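One-letter residues, chain by chain:
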Amino acid sequence: MSVETYPHLFQPIRIGKTIFRNRIFAAPNGCQYLDGRNGPSPDGVAFFERKALGGFASVTLGECIVDRKTGQSHDYQILLDDHKNLPALSAMATAISRHGAVAGVQLQHCGMYSHLVYEKGGQLLGPVDTVVPDVHHTNNDGHEVAMSPDGLRHVRGMTEEEIENLIRAFGKAAAFVKQCGFGMVMIHAGHGWGLAQFISKYVNTRKDRWGGPELENRMRLPLAVIESVRKAVGPGFPIEVRISGAECIDAGYDIDEGVAIAKMLDGKADIIHVSAGHHESDYAATITHPGMFQEDGCNVHYAAEIKKHVSAPVATVGALTEPALLEEIIASGKADIVDLGRQSLADPDLPLKARLGKTEDIDVCMRCCACFSNSTRTRRRACAINPATGHELEEQFTRPPAVKKKVLVAGGGIAGMQAALTAAQRGHQVVLCEASDSLGGVLKCEAMVPFKKRLGEYLERQARRVRAAGVDVRLGTKVTPELARSLQPDAIVAALGAKPVKPPIPGIDGENVFGAEYVYTHPEVVGQRVQILGGGLVGIELGIFLSQLGREVGLIEMLPELNDGGNMVHMNNLRVQIQQRKIGVALGTKALAIRPDGVEAEDADGRRFFPADTVIYAVGQKPLSDEAVALSACAPEFYLVGDCLSARSVLAATTEAYNAARDIGRI
Ligand SMILES: Cc1cc2nc3c(=O)[nH]c(=O)nc-3n(C[C@H](O)[C@H](O)[C@H](O)COP(=O)(O)O)c2cc1C
């Protein structure tokens with residue numbers, strides 16, 4: 001029984017009049033699935049309800065806007081100033097609460113980053129008159145939003161009356177949230193948003209009582225907001241305040257001021273929630289949402305420092321995944337509550353699994369940020385390793401297959417393992433054939449890379465699950481049409497993957513040239529100076545790995561930009577790494593020939609030479625589509641999934657495999 005293994009983690013905590021069943025909270029996620037009035041739609045409700053079902057003590061809806069006229073930054077935010085959102089929000093509160101979690105709403109005003117206000121012809125308001133650079137020229141989903149004629153956003157400092165209106169708006173929104181049935185609120189005063197702009201010394205240079213060098217003045221608005229919210233919700237109703245423990249930008253405040261801010265919140269906020277960073281800086285954003293290059297629990301030290309100085313319960317957030325670490329944080333007194341963001345998408349059942357001693361079965365977030373990137377691009381939630389995420393409503397209506405079938409899965413990579421697992425879990429009889437001598441596919445080669453540790457663990461976990469589900473795994477078995485026919489399957493899932501492309505460049509067969517896949521497992525073959533042909537994800541990540549091993553790395557990319565493969569949040573992490581590690585980047589550059597001493601190339605300005613001891617090619621993957629299509633007539637049901645369609649992401653592979661496996665045996 002793991003309640004005993006994690007006694008501090010599962011120790012309930014009373015805050016105000018509310019008892020939280022454990023210390024694991026689901027950190028705020030914006031809702032995104034909205035109805036026509038910007039209230040949550042049924043699939044939004046299901047998304048948050050799923051976390052409650054998994055055992056989180058509290059589940060909070062992110063960035064709900066208290067006043068759309070002045071505070072909305074993009075189209076996909078819940079609006080709390082529309083009373084007609086009552087039924088949808090009540091449905092949300094009910095759905096979360098019925099599983100024993102406390103339902104929470106994050107109260108948000110985006111201040112000078114309320115870009116939608118500008119689009120509507122309104123006025124951007126912030127602490128002071130300023131100009132916001134053109135970083136958010138889209139509505140976060142690609143559609144262009146209005147700009148002023150000079151292409152910049154002109155912010156006006158709030159008048160006293162506008163500040164008073166804002167304070168009232170927070171109170172009104174809190175009262176509404178309580179009426180809807182939510183059990184707590186979180187005031188967003190971190191990450192550079194509205195209230196954080198007032199706290200920030202580099203933004204808020206007002207000359208009156210609402211700003212300037214004195215922290216007391218800069219804290220006046222957040223404290224007035226808490227007072228207004230308290231009046232609205234009454235005593236005993238938990239008010240959590242999210243701050244950045246440090247802004248992590250050059251002119252921003254550091255942890256010493258973070259402590260001073262927390263001390264001023266102490267006694268007024270019921271939970272001081274300590275995040276870090278700032279959404280407007282590429283570097284600071286990697287602190288707010290730590291990528292795969294940061295350590296687990298890398299932001300806990302901010303909370304731990306603050307906890308030494310306050311008596312209110314302190315929450316910590318950022319790169320928290322494994323129950324043992326969560327337990328240690330609470331047990332050692334670094335924080336009272338752990339908030340899990342992306343982990344709650346990777347495995348909403350983490351609390352329950354930890355409590356039941358099924359820790360090994362937890363899907364641990366890889367911090368690949370596919371969730372975040374997908375949300376921004378498509379406004380759908382997703383998780384690379386949990387294909388059910390974002391489909392919680394469909395899951396509720398999923399039926400068992402009408403007919404149990406004999407299923408042949410061809411290929412034991414990420415897609416093949418997912419298809420085999422899902423099909424077996426749905427009761428089908430599954431044979432999984434893999435040509436190589438182990439499961440895992442093309443990404444096995446990255447499993448030993450330190451920042452890909454979680455990917456390696458995921459591949460092992462999936463392989464373990466496949467066998468535990470009773471799948472007949474046949475290694476060293478290539479699926480030909482003859483073999484497929486001889487097995488007489490009712491359904492075939494072709495998940496054959498792709499193979500690396502070797503570019504036809506003079507010198508490519510030289511002794512100093514290797515493919516990326518080989519180098520991952522044999523980094524010792526790489527000399528001190530290395531040039532990588534290809535600035536896609538594989539090339540960039542390999543470059544970072546080799547730089548970590550002390551090599552001087554350059555990337556040569558034909559296209560005008562490095563290719564993020566659609567994952568722009570991970571790409572931000574990669575860019576920060578490229579910069580910090582001084583990895584050379586030559587864009588718009590075509591390799592012409594490889595010599596023993598480097599690469600001859602050409603860009604718009606003419607020919608160039610890149611000296612190198614070793615040259616690596618990472619120029620893409622060729623889908624094994626012909627081999628896959630050849631299997632189509634070998635069974636009544638036939639499905640193509642993953643990289644054999646076209647080489648893409650883990651997310652695409654798991655999603656397609658999962659969906660195909662769920663379609664098998666409908667008739
Ligand atoms: C998809 C996604 C949506 C998020 N939405 C919000 C939000 O609405 N409000 C907020 O304060 N933080 C938001 N965050 C930040 C998380 O609450 C959390 O602070 C951050 O992801 C770091 O925690 P993690 O490493 O556990 O993911 C979001 C994060 C992700 C990945």
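Predicted, not measured: the structure shown is a model, and the values here were computed from it. (Residues numbered from 1 in each chain as written. Predicted model: local features only at pLDDT ≥ 70, side-chain atom pairs only at ≥ 80, totals over all residues. Heavy atoms only, no water.)

1. What about the sheet that holds strand β25 (residues 606-611)?
Right, so step 1: What the three strands build is an open sheet, ordered β23-β24-β25; its pairing is antiparallel. In this open sheet, the two strands that pair with only one neighbour each are β23 (590-595) and β25. Sheet twist, expressed as the mean angle between neighbouring strand axes with direction ignored, is 25°.
Right, so step 2: Sheet topology note: the strand β24 (residues 598-603)/β25 ladder contains six bridges and is antiparallel. Looking at β25, one finds that E600 is bridged to F609. (Pairing = 2+ DSSP bridges. Helix = DSSP H or I, 4+ residues; strand = E, 2+ residues; numbered from the N terminus. Axes fitted to C-alpha atoms, helices over the stretch in contact; angles between N-to-C directions.)

2. Focus on the side chain of H191
Right, so step 1: Following the sequence through the fold, H191 ends up in the loop between β9 (184-189) and α7 (194-199).
Right, so step 2: Relative accessible area serves as the criterion here: at 7%, H191 is assigned to the buried category.
Right, so step 3: At a separation of 2.7 Å, a polar atom in the side chain of H191 contacts the side chain of S275. (Buried < 20%, exposed > 50% of the residue type's maximum accessible area, 1.4 Å probe, protein only. Polar contact = N/O pair within 3.5 Å; in protein donor to acceptor, adjacent residues only side chain to side chain.)

3. Topic: the nonpolar core
Right, so step 1: The biggest cluster of nonpolar side chains holds 163 residues, and the ones touching the most others in it are L61, L80, L107, F182, I187, V229 and L265.
Right, so step 2: Ranked by residues supplied to this core, first place goes to helix α6 (residues 160-179) with nine residues.
Right, so step 3: With near-sequence residues (within four places) excluded, F182 lies in contact with L61, L89, M92, A93, A103, G104, V105, V177 and F237. (Core = buried A, V, L, I, M, F, W, Y, C linked by side-chain atoms within 4.5 Å. Contact = heavy atoms within 4.5 Å.)

4. Some words on unusual backbone geometry
Right, so step 1: With phi around 70°, Q32 is a residue other than glycine that occupies positive phi space.
Right, so step 2: Overall, Q32 belongs to the buried group, its relative accessible area being 6%.
Right, so step 3: Look at R379: it is not a glycine, yet its phi comes out positive at around 60°.
Right, so step 4: Following the sequence through the fold, R379 ends up in the loop between α16 (370-378) and α17 (392-396).
Right, so step 5: Overall, R379 belongs to the buried group, its relative accessible area being 8%.

5. A closer look at the pattern of salt bridges
Right, so step 1: Applying the stated criterion across every chain, the model contains 36 salt bridges.
Right, so step 2: Salt bridges sharing partners connect three or more residues here, namely D296, E322, R367, K453, R454 and E457. (Salt bridge = Lys/Arg side-chain N within 4 Å of Asp/Glu carboxyl O.)

6. A short note on the site of the ligand
Right, so step 1: Taken together, 21 residues form the shell around the ligand, and within it Q106, R242, A319, G341 and R342 come nearest.
Right, so step 2: Take P28: an N or O atom from its main chain is 2.8 Å from an oxygen atom of the ligand.
Right, so step 3: At 2.8 Å, a side-chain N or O of Q106 approaches an oxygen atom of the ligand.
Right, so step 4: Coverage of the ligand by the protein amounts to 94% of the 610 Å² it exposes when considered alone.
Right, so step 5: Elements with a minimum of two residues in the shell around the ligand: β3 (24-30), β4 (58-65) and α16. (Near = heavy atom within 4 Å. Areas by Shrake-Rupley, 256 points an atom, 1.4 Å probe, with all protein chains shown as cover.)

7. Quick word on the domain arrangement of the protein chain
Right, so step 1: In terms of domain boundaries, the protein chain breaks down into domain 1 (2-117 + 160-393), domain 2 (401-500 + 622-663) and domain 3 (513-619).
Right, so step 2: Computed from C-alpha coordinates alone, the two centres of domain 2 and domain 3 are separated by 31 Å.
Right, so step 3: If you look at the interface, domain 2 gives eight residues, while domain 3 gives seven residues.
Right, so step 4: Buried area between domain 2 and domain 3, summed over both chains or domains, comes out near 750 Å², and the portion from carbon and sulfur atoms is 69%. (Domains from an automatic or database assignment. Buried area = accessible area lost by both parts, 1.4 Å probe.)

8. Observations regarding a nonpolar patch on the surface
Right, so step 1: Residues V629, L640 and L645 make up a contiguous nonpolar surface patch of about 220 Å² in total accessible area.
Right, so step 2: Tracing the sequence through the fold places V629 in helix α24 (residues 625-629). (Patch = residues over 30% accessible without salt bridge, like charges linked within 9 Å, V, L, I, M, F, W, Y side chains within 5 Å.)

9. Observations concerning the packing of helix α18 (residues 414-425) against helix α19 (residues 453-468)
Right, so step 1: Between α18 and α19, the shortest axis-to-axis distance is 9 Å and the interhelical angle comes to 35°. Between α18 and α19 lies a crossing whose hand is left-handed. Only Y458, L459, Q462, A463, R465 and V466 of α19 make contact with α18, whose side of the interface consists of I414, M417, Q418 and L421.
Right, so step 2: A per-class count over the contact of α18 with α19 returns seven nonpolar, two polar and one charged. (Left-handed = near helix turned anticlockwise from the far one by under 90°. Nonpolar A, V, L, I, M, F, W, Y, C, P; charged D, E, K, R; others polar.)

10. Remarks on the packing of aromatic side chains
Right, so step 1: Scanning the entire structure with this criterion turns up seven aromatic pairs.
Right, so step 2: Measuring from ring centre to ring centre gives 5.8 Å for F514 and Y518, while their planes differ by 10°; the resulting arrangement is stacked.
Right, so step 3: The interplanar angle of 20° and the centroid separation of 5.9 Å between the aromatic rings of Y520 and F545 together place this pair among those described as stacked. Taken together, the residues span a long stretch of sequence, with Y520 in helix α21 (residues 516-521) and F545 in helix α22 (residues 537-548) at a distance of 25 residues. (Phe/Tyr/Trp six-rings, centres within 6.5 Å; stacked < 30°, edge-to-face > 60°.)

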